[in-house]
Amino acid sequence: MKTWAMIATWRMAIEGVTLGSQMLKNGEKCQDALEKAVMFVEDYPFYKSVGYGGLPNEECEVELDAAFMDGKTLSIGAVASIKDFKNPISIARKLSADRYNIFLVGAGAESYAHKNGFIRQNMLTERARKTWELRVKEIREKNLSPYDGHDTVCMIAIDQEKDMAVATSTSGLFMKKKGRVGDSPVSGSGFYVDNEIGGAAATGLGEDIMKGCLSYEVVQRMKKGETPQKAAQGAVDDFSKELIKRRGKAGEISIVALNNKGEWGIGTNVEFTFCAATPTDQPKVYIATPVNGEVKIEIASEEYMRAYKEKIQRGI
């Protein structure tokens, strides 16, 4: 049986992983499978932290970040703070084919997307606008912190030809400062992949993840012979402790990892959901919980899945 595998962050990725894993099963390339899988998540309006329907910044604008990396060539493409374009992951992938100018931001990214025929679309939904208005009111009346929601969709895949790729996409921190960029489009922090080793990608508080370049760290640990599980959890544990020692606290950090044998692993310092699929395991949603330096992993129950669907399809 030929090896292939796909892993992704969060419950919201399951439909995309189901689509992408079928493509891998059929012998299609990991780059195509990842792009199509991430596009599905970007296009679904009820997912509040990615693409269409993503939560806006402090000025009620949806600014999106995305990145794409090819493990065979180490080619990278990324966009940040891009507005009014439908699928930033596709723009990032196209940039990865270029020799120069592979990371574009703001107006420059938008100009590139327009010139290359990508679909322009207002990404702010009425639901997201109402959520923003409610948060503004809560901040004013209850003196609450504005920041909430930073669930990046990250996906890693290996195909039957042993090629690997990684992709990330996010609307970033809810109520973020205009122009704020987290770890998601930053190579080594939000993602990294190498055919000769494996890949990793991170979700959580980007400002803390960037302090440790954690995705590259996980890949290097796998290079030294660690399993994806040991590499991912070891990196998260060690760096969380370092942040606490240096700064008094550590933000939420979760990492998915996949090696070039098709074996996956998870590292997290909070309860975290993810999806995975291999030739021997159909696409499933898992719940990971850190317990005394290790991770307890359970398959999400049908009750959990129903409750999640009801929650995201309710109003604001």
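Residues numbered from 1 in each chain as written. Predicted model: local features only at pLDDT ≥ 70, side-chain atom pairs only at ≥ 80, totals over all residues. Heavy atoms only, no water.

**With respect to the overall build of the protein**
At step 1: Helix and strand content of the protein: 9 helices and 13 strands.
At step 2: For 316 residues, the compact-globule estimate of 2.2 N^0.38 gives 20 Å, and the protein sits close to it at 18 Å.
At step 3: Taken across its 316 residues, the protein has 53% of its residues classed as buried.
At step 4: In the protein, of all internal contacts separated by at least 6 residues, the share reaching a separation of at least 24 is 65%.
At step 5: A total of about 14000 Å² of accessible surface is found on the protein, and carbon and sulfur atoms cover 50% of it.
At step 6: Looking at the protein, you have 43 positive and 43 negative side-chain charges, and the mean spots of the two groups are 1 Å apart. (Helix = DSSP H or I, 4+ residues; strand = E, 2+ residues; numbered from the N terminus. Rg over C-alpha atoms; globule rule 2.2 N^0.38 Å. Buried < 20%, exposed > 50% of the residue type's maximum accessible area, 1.4 Å probe, protein only. Contact = heavy atoms within 4.5 Å. Areas by Shrake-Rupley, 256 points an atom, 1.4 Å probe, with all protein chains shown as cover. Lys, Arg positive; Asp, Glu negative; His and termini not counted. Charge placed at Lys NZ, Arg CZ, Asp CG, Glu CD.)

**Structural notes on the nonpolar core**
At step 1: Grouped together as the largest cluster of nonpolar side chains are 88 residues, with contacts concentrated most on M155, V218 and I255.
At step 2: With 7 residues, helix 2 (residues 30-43) is the largest single contributor of residues to this core.
At step 3: Leave out the neighbours within four places in its chain, and I255 touches A200, A201, A202, L214, V218, A232, V236, G265, I266 and G267.
At step 4: L55, A128, W132 and F174 belong to the second largest nonpolar core, which has 6 residues in total. (Core = buried A, V, L, I, M, F, W, Y, C linked by side-chain atoms within 4.5 Å.)

**Topic: the sheet that holds strand 9 (residues 253-259)**
At step 1: Here we have 4 strands laid out as an open sheet, ordered 7-8-9-10, and antiparallel in their pairing. A strand with exactly one partner marks an edge of an open sheet, and here the two such strands are strand 7 (191-194) and strand 10 (264-268). On average, adjacent strands in this sheet sit at an angle of 15° to one another, irrespective of strand direction.
At step 2: Pairing analysis gives 7 bridges linking strand 8 (residues 198-204) to strand 9, with the strands arranged antiparallel. Bridged to T203 within strand 9 is S254.
At step 3: Packing against the sheet, helix 7 (residues 214-223) makes contact with strand 7, strand 8 and strand 9, and its axis sits at approximately 145° to strand 8.
At step 4: Across the sheet, helix 8 (residues 228-247) lies against strand 9 and strand 10, angled at about 15° from strand 10, the strand it touches most. (Pairing = 2+ DSSP bridges. Axes fitted to C-alpha atoms, helices over the stretch in contact; angles between N-to-C directions.)

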